[in-house]
Amino acid sequence: GGTTLVIYMGMKQMPMIVAGLQAAGMPLTMPVAVIANASLPHQAQVVTTLAQVQEGVRSEALASPAVIVVGEVVREAGVLPLSEMASNSLRMAR
């Protein structure tokens with residue numbers, strides 16, 4: 001249950017996004033995933049919390065293009081290796 005936010009191309013606005021979510025009452029423990037270059041061979045991601053997302057992005061040197069996923073869904077599903085999923089989907093479609 002709960003809210004899931006998917007934010008496209010929000011890397012430059014990350015400080016404002018985090019501050020806005022905190023101001024709106026989102027707990028600092030809320031799971032967050034940031035996936036850069038999703039579905040590409042050089043995909044990279046970080047799974048963390050709202051409190052640590054900015055540090056996680058810096059430490060992993062993630063940059064745009066990226067998708068930010070905020071919500072309990074991150075805890076439930078984890079982050080799948082999307083580049084492998086895309087390859088598997090292409091193989092299945094053939």
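Here goes a summary of the coordinates provided. None of the values given here were measured: they were computed from a predicted structure. Residue numbers run consecutively from 1 along every chain, following the written order of its sequence. Only residues with pLDDT of at least 70 are given local features in this predicted model, and only at 80 or more are side-chain atom pairs given and counted; all residues enter the totals for whole chains, interfaces and linings. Hydrogens and water molecules were not included; the side-chain quantities draw on all heavy atoms of the structure.

1. Notes on the overall build of the protein
When you go through the protein residue by residue, the secondary structure sums to 4 helices and 4 strands. Overall, the protein shows an N-to-C arrangement of helices and strands of β-α-β-β-α-β-α-α. With a 1.4 Å probe rolled over the protein chains alone, any residue whose accessible area is under 20% of its type maximum counts as buried; one over 50% counts as exposed, and the rest are partly exposed. Here the protein, with 94 residues, has 34% of them falling under the buried criterion. For the protein, contacts bridging at least 24 residues in sequence account for 68% of all contacts bridging at least 6. For the area figures, the Shrake-Rupley method with a 1.4 Å probe applies, and any residue is considered shielded solely by the protein chains shown. Of the roughly 5900 Å² of accessible surface on the protein, a fraction of 59% belongs to carbon and sulfur atoms. The way it works is that DSSP assigns letters per residue, a run of H or I at least four long becomes a helix, a run of E at least two long becomes a strand, and they are numbered from the N terminus. Every residue pair with non-hydrogen atoms within 4.5 Å of one another is taken to be in contact.

2. Let's talk about the environment of L28
Locating L28 in the fold gives a position in the loop between α1 (14-23) and β2 (31-36). With 21 residues separating them in the primary sequence, L28 and T49 have C-alpha atoms 6.6 Å apart. When neighbours within four sequence positions are excluded, L28 is seen to be in contact with Q22, T49, L50 and A51.

3. Overview of unusual backbone geometry
Residue P65 is bonded to the preceding S64 through a cis peptide linkage, with omega at 0°. Of note, P65 is situated in the loop between α2 (53-59) and β4 (66-70). The phi torsion at M9 lies on the positive side, around 55°, for a residue other than glycine. With a relative accessible area of 55%, M9 lands in the exposed category.

Such coordinate-based values are descriptive only and should not be taken to indicate function.
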